[in-house]
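# Per-entry structural report
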Amino acid sequence: MSASVLAILDFAASPEGPRTLGHRLADPDAPQLTVADLAATRGDGVFETISIGRGRLQALEPHLARFARSAAMLDLPAPDPGAWRDACTAIAARLAELPEAFVKIVLTRGIEGGDIPTGWALGQASPDFSAVHRDGLAVALLDRGLPHDVAATSPWLLAGAKTLSYAVNRAAVREAARRGADDALFVSTDGVLLEGPVSNLVIRRGRRLSTPRVDLGILAGTTQADIFRWAEREGYETEQAILRQADLAEADAAWLVSSVRHAAPLRAVDGAAIPVDAELTARINAALRARVD
Ligand code: PLP
């Protein structure tokens, strides 16, 4: 089985705007993108990363809904959900022998000056995260340089959209590494905990799980939502809240949660140890892996 599977989405111009024709499988090792594509020159597009467990797509519909919301925030043509669902399903079927894989779907504004978007879906095997799940992550708190209400005050900054412009998120992980940490956790200029560069924060205090509110200019996480649905069935209370560093310092456990890596427990924040809840981590990750959309 090939290590990765690529599907290219085909579009045609029409008076109502670009129409999605469907997908075709393509060689993932061959060049496919034109150098003038606005994804390459401006990071002008949106994406989603969807976990696949033994051929089953996890939280596909919430991912497609967020893909559409991000596209709308960038004034991109609305993605045709049926066409993207078909592409993801075709890729998942080809990765069914893998216990854990993922598919990244991308929609760009296309070639500069044109009016047809570019779209593709690339499926790959997931890395092995068992050491992180067992040992936990040390995170560095990094100021995002924006106030907690940036989504309301400055919507043009696209806070909360999953755009291709992730150079800042990657730089944050490198800064965290320079500080001796494994990952970053963004904080607003006014001290409100936000999200990781590719993950949401979940804190446990007793039988209550808390996560930062989605109106803080952060991504509405599909993994966080599924964890809360599972936890409520298990009798936990859940809340979206304004959380600060003190809440993290007093937490009984905390995680950075995301598709593909799932729930990664935190073991330290800016060098201060916090407890790792190994049992709940294992139960959450088992529930996430068992998801079917
Ligand atoms: N926040 C950001 C900035 C992200 O990029 C991601 C995922 O990549 C998440 C949160 C977690 O979202 P999800 O759980 O839907 O993967």
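Note: the structure precedes this text.
Here the structure is a predicted model, which means the values were calculated and not measured.

Thresholds, definitions, all that
- Residues numbered from 1 in each chain as written.
- Predicted model: local features only at pLDDT ≥ 70, side-chain atom pairs only at ≥ 80, totals over all residues.
- Heavy atoms only, no water.
- Helix = DSSP H or I, 4+ residues; strand = E, 2+ residues; numbered from the N terminus.
- Rg over C-alpha atoms; globule rule 2.2 N^0.38 Å.
- Buried < 20%, exposed > 50% of the residue type's maximum accessible area, 1.4 Å probe, protein only.
- Contact = heavy atoms within 4.5 Å.
- Lys, Arg positive; Asp, Glu negative; His and termini not counted.
- Charge placed at Lys NZ, Arg CZ, Asp CG, Glu CD.
- 1 Å grid on protein atoms, 1.4 Å probe; cavity = no way out; pocket = protein on both sides within 12 Å on 5 of 7 lines; lining within 4 Å.
- Points joined across faces, edges and corners; volume = space filled by probe spheres on them.
- Nonpolar A, V, L, I, M, F, W, Y, C, P; charged D, E, K, R; others polar.
- Axes fitted to C-alpha atoms, helices over the stretch in contact; angles between N-to-C directions.
- Parallel < 35°, antiparallel > 145°, perpendicular 65-115°, else oblique.
- Left-handed = near helix turned anticlockwise from the far one by under 90°.
- Salt bridge = Lys/Arg side-chain N within 4 Å of Asp/Glu carboxyl O.
- Near = heavy atom within 4 Å.
- Polar contact = N/O pair within 3.5 Å; in protein donor to acceptor, adjacent residues only side chain to side chain.
- Areas by Shrake-Rupley, 256 points an atom, 1.4 Å probe, with all protein chains shown as cover.
- Pairing = 2+ DSSP bridges.

Right, let's get into the overall build of the protein chain. Counting its secondary structure elements, the protein chain contains nine helices and 15 strands. On C-alpha atoms alone, the protein chain measures out to a radius of gyration of 19 Å, which is about the 19 Å that the 2.2 N^0.38 rule sets for 293 residues. Judged by the C-alpha coordinates and their principal axes, the protein chain covers about 55 × 45 × 35 Å. Every one of the 293 residues in the protein chain was classed for burial, and the buried ones make up 49%. Contacts in the protein chain between residues far apart in sequence, at least 24 positions, make up 71% of those at least 6 positions apart. With 31 positive and 37 negative side-chain charges, the protein chain shows a separation of 2 Å between the mean positions of the two kinds.

What follows concerns the layout of surface pockets. One number sums up the size of the second largest pocket: a volume of about 310 Å³. Lining the second largest pocket are 18 residues, with Ile 8, Gln 32, Pro 117, Thr 118 and Gly 119 positioned closest to its centre. The biggest single contributor to the lining of the second largest pocket is strand 1 (residues 4–12), with four residues. For the lining of the second largest pocket, the per-class residue count stands at eight nonpolar, six polar and four charged.

Moving on, we get to the packing of helix 2 (residues 60–73) against helix 3 (residues 81–94). As a packed pair, helix 2 and helix 3 sit with axes 11 Å apart at the nearest point and diverge in direction by 135°. When the axis of helix 2 is compared with that of helix 3, the two are oblique. Considering the relative orientation of helix 2 and helix 3, their crossing is right-handed. Residue-level inspection shows Leu 60, Glu 61, Leu 64 and Phe 67 of helix 2 in contact with helix 3, the latter providing Pro 81, Trp 84, Arg 85 and Cys 88.

Time to look at the pattern of salt bridges. Taken as a whole and judged by the stated rule, the model has 21 salt bridges. A salt bridge links Arg 134 to Asp 135, with the nearest nitrogen and oxygen atoms 2.9 Å apart. Among the salt bridges present, the one from Arg 178 reaches Glu 175, with a minimum N-O distance of 3.0 Å. Note that Arg 178 and Glu 175 are positioned in helix 6 (residues 167–178) at a spacing of three residues, about one turn of the helix.

As a structural note, the neighbourhood of the ligand is formed by 17 residues, with Lys 162, Tyr 166, Thr 222, Thr 223 and Ser 259 the closest of them. Here Arg 66 contributes a side-chain N or O atom positioned 2.8 Å from an oxygen atom of the ligand. Contacts to the ligand include Glu 195, whose side-chain N or O atom sits 2.8 Å from a nitrogen atom. Protein chains bury 95% of the 390 Å² of accessible surface belonging to the ligand in isolation. Of all elements in the fold, only helix 2, strand 9 (195–196), strand 10 (199–205), helix 7 (222–233) and strand 13 (253–258) reach the threshold of two or more residues within the shell around the ligand. Here the shell around the ligand is built from residues that sort into five nonpolar, nine polar and three charged.

Here we come to the sheet that holds strand 2 (residues 19–26). By way of backbone hydrogen bonds, the strands of a sheet pair with one another, either parallel or antiparallel. Sheet architecture is open: six strands sit in the order 2-1-6-5-3-4, paired in antiparallel fashion. Looking along the sheet, the strands with just one partner apiece sit at the ends: strand 2 and strand 4 (56–57). Sheet analysis places strand 1 next to strand 2, joined by seven bridges and oriented antiparallel. Bridge pairing in strand 2 places Asp 10 opposite Gly 22. Strands strand 3 (45–53), strand 4 and strand 5 (101–108) of the sheet are contacted by helix 2, whose axis makes an angle of about 175° with strand 3.

To continue, consider empty space enclosed by the protein. Applying the stated criterion to the full structure yields one cavity of 30 Å³ or more. Taken as a whole, the largest cavity encloses approximately 50 Å³ of empty space. Contributing to the lining of the largest cavity are Phe 11, Pro 18, Thr 20, Pro 77, Ala 78, Pro 79, Asp 80, Leu 107 and Pro 117. Grouping the constituent residues of the lining of the largest cavity by class yields seven nonpolar, one polar and one charged.

As a further point, take the pairing of strand 7 (residues 137–143). Counting buried positions over the seven residues of strand 7 gives six, a clear majority of the element. For strand 7 and strand 14 (residues 262–269), the ladder comprises three bridges, and the chain directions are parallel. For Val 139, the partnering residue across the bridge sits in strand 14 and is Val 269. The sheet contact formed by strand 7 and strand 8 (residues 183–187) spans five bridges and is parallel. Residue pairing across strands places Asp 143 opposite Val 187, the latter belonging to strand 8.

Distances and angles like these do not, on their own, reveal function.
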